[in-house]
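Residues per chain are reported as follows:
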Amino acid sequence: AQSVTQLGSHVSVSEGALVLLRCNYSSSVPPYLFWYVQYPNQGLQLLLKYTTGATLVKGINGFEAEFKKSETSFHLTKPSAHMSDAAEYFCAVITNRDDKIIFGKGTRLHILP
Amino acid sequence: NAGVTQTPKFQVLKTGQSMTLQCAQDMNHEYMSWYRQDPGMGLRLIHYSVGAGITDQGEVPNGYNVSRSTTEDFPLRLLSAAPSQTSVYFCASSTGLAATYNEQFFGPGTRLTVL
């Protein structure tokens, strides 16, 4: 069965520092991978997604993620954190077989001034 | 477009009461779904629908019913509320099946407390 593991329920970085949020997945077939962001008291919105093709995917707000099949990972990065990046981030996976999207438990990103 | 709308925003129920959470979308999306979000648990799929008249169970369907009589609406019914159903509920829609990797658009959520 497919699953998603996000390492670290809380991550703190200083403003201007590199943001790295980790996501590992388990899937027996090629997955489709997503990162969603949730700002306080709002629903989720899509940051970026990987389906096929280029393994480095660029999203909104300067975020990007790299699909590494050998490591079963899809980590989210941003070179320089901004205060407005403070939010909760969810990694998600779907496969053709299940036809359902499975979300990780989320990582709350804190930006320190 | 209003996107995905949910009502009410907040609701308090007593154990055993029933209620319906409303969800509507004006994007002509075929796929709609309901999730619950609990601290440290991420989002868990309750029920989903791939089109009018078609619904299926997700990961945590017990205690909830859904129906899809129109493309636009996908209400979630709590039959007999329990404290374990205290959560934030999100409705989402997309242009096709999740397997077609289309972006899901989420509503603002309904915060439900069951006493």
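Chemist: How do you make sense of the overall build of chain A when you look at a structure like this?
Modeler: Within chain A, the regular secondary structure consists of zero helices and eleven strands. Its C-alpha radius of gyration of 13 Å places chain A within 12% of the 13 Å reference for a compact globule of 113 residues. The dimensions of chain A, computed from C-alpha atoms along their principal axes, are 45 × 30 × 20 Å. Sorting the 113 residues of chain A into buried and exposed places 47% on the buried side.

Chemist: Before we go on, may I ask you to explain the interface of chain A and chain B in this structure?
Modeler: In many analyses, interface size is given as the accessible surface area lost on bringing the parts together. Between chain A and chain B, the contact holds 22 residues from the first and 22 residues from the second. Roughly 1,800 Å² is buried in total at the junction of chain A and chain B, and carbon and sulfur atoms are behind 58% of that figure. Counting residues per element, the ones that place at least two in the side of chain A that touches chain B are strand E4 (32–38), strand E5 (44–50) and strand E9 (87–94) of chain A. With four residues, E4 of chain A is the single largest residue contributor to the side of chain A that touches chain B.

Chemist: I would appreciate a short explanation of the layout of surface pockets in the present structure.
Modeler: Taking a probe equal in size to a water molecule and rolling it over the atoms shows the remaining empty space. Its boundaries defined by the atoms lining it, the largest pocket holds a volume of some 530 Å³. Only E9 of chain A together with strand E4 (31–38), strand E9 (87–94) and strand E11 (110–114) of chain B provide two or more residues apiece to the lining of the largest pocket. Each residue belonging to the lining of the largest pocket can be placed in one class, and the counts come to ten nonpolar, ten polar and six charged. Roughly 180 Å³ of internal volume is contained in the second largest pocket. Lining the second largest pocket are 13 residues, with Val29, Pro30, Pro31, Phe67 and Lys69 of chain A sitting closest to its centre.

Chemist: Would you explain the sheet that holds strand E7 (residues 64–66) of chain B in this entry?
Modeler: Residue and element names in this part refer to chain B. Taking strand neighbours across the sheet as the criterion, the four strands line up as E1-E3-E8-E7 in an open arrangement whose pairing is antiparallel. Lying at the two open borders of the sheet, with one neighbouring strand each, are strand E1 (4–7) and E7. Between one strand axis and the next, the sheet turns through 20° on average, direction left out of account.

Chemist: Just checking my understanding: could you explain the sheet that holds strand E1 (residues 3–7) of chain A for this structure?
Modeler: Strands in a sheet are paired, the pairing made by backbone hydrogen bonds, and the direction either parallel or antiparallel. Residue and element names in this part refer to chain A. Taken together, five strands build an open sheet; the order of strands is E1-E3-E8-E7-E6 and the sheet is antiparallel. In this open sheet, the two strands that pair with only one neighbour each are E1 and strand E6 (56–58). Strand-to-strand twist of the sheet, defined as the mean angle between neighbouring strand axes without regard to direction, takes the value 20°. Judged from the three bridges that link them, E6 and strand E7 (residues 64–68) form a sheet pairing that is antiparallel. Looking at the pairing, Leu56 lines up with Glu66 of E7.

Calculation criteria
Residues numbered from 1 in each chain as written. Chains lettered and ligands numbered in written order. Predicted model: local features only at pLDDT ≥ 70, side-chain atom pairs only at ≥ 80, totals over all residues. Heavy atoms only, no water. Helix = DSSP H or I, 4+ residues; strand = E, 2+ residues; numbered from the N terminus. Rg over C-alpha atoms; globule rule 2.2 N^0.38 Å. Buried < 20%, exposed > 50% of the residue type's maximum accessible area, 1.4 Å probe, protein only. Contact = heavy atoms within 4.5 Å. Buried area = accessible area lost by both parts, 1.4 Å probe. 1 Å grid on protein atoms, 1.4 Å probe; cavity = no way out; pocket = protein on both sides within 12 Å on 5 of 7 lines; lining within 4 Å. Points joined across faces, edges and corners; volume = space filled by probe spheres on them. Nonpolar A, V, L, I, M, F, W, Y, C, P; charged D, E, K, R; others polar. Pairing = 2+ DSSP bridges. Axes fitted to C-alpha atoms, helices over the stretch in contact; angles between N-to-C directions.

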